[in-house]
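Descriptive structure summary
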Amino acid sequence: YVVQPYYVPANFVAFQAPAGIHTHSFRWEAGQVMFSTVAGSGNTDGDRVINRHVFTSGVPSPEGQSVRIALYVFHQGKLPLKNENEVIIDKFEYLP
């Protein structure tokens, strides 16, 4: 999870997700952004939490800002990936 500027250590949280389908979500409000990753599709509540984090420092108000979603493969090493990665965006809501 990241908020800008990404190069500030407190604005970046990395974690390893297990193989499988995951649901990633975030809620951006004035003064905080709450990120969550759960196992499975759709349900963001319950016992399947893989990771959660709340950023509270330096978070701008969402008005007039933009959202970007990206997939990066870090620490690939000497061996290439055996399988391709895929991101499917089922739903995106912006509720000002």
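Definitions and cut-offs
- Residues numbered from 1 in each chain as written.
- Predicted model: local features only at pLDDT ≥ 70, side-chain atom pairs only at ≥ 80, totals over all residues.
- Heavy atoms only, no water.
- Helix = DSSP H or I, 4+ residues; strand = E, 2+ residues; numbered from the N terminus.
- Buried < 20%, exposed > 50% of the residue type's maximum accessible area, 1.4 Å probe, protein only.
- Contact = heavy atoms within 4.5 Å.
- Areas by Shrake-Rupley, 256 points an atom, 1.4 Å probe, with all protein chains shown as cover.

Here's the deal with the overall build of the chain
When its secondary structure is counted, the chain shows zero helices and three strands. Listed N to C, the secondary structure of the chain is β-β-β in terms of helices and strands. Looking at the 96 residues of the chain, the share that counts as buried comes to 16%. When contacts within the chain are restricted to residue pairs at least 6 apart in sequence, those whose partners lie at least 24 apart make up 41%. Just so you have it, the chain exposes about 8200 Å², and 54% of that area is on carbon and sulfur atoms.

Thoughts on the environment of valine 13
Note on placement: valine 13 falls in the segment before β1 (22-29). The class for valine 13 is buried, based on a relative accessible area of 19%. Taking the C-alpha atoms as reference, valine 13 lies 9.7 Å from arginine 52; in sequence the two are 39 residues apart. Filtering out sequence-adjacent residues up to four positions away, valine 13 remains in contact with Tyr1, Asn51, His53 and Phe55.

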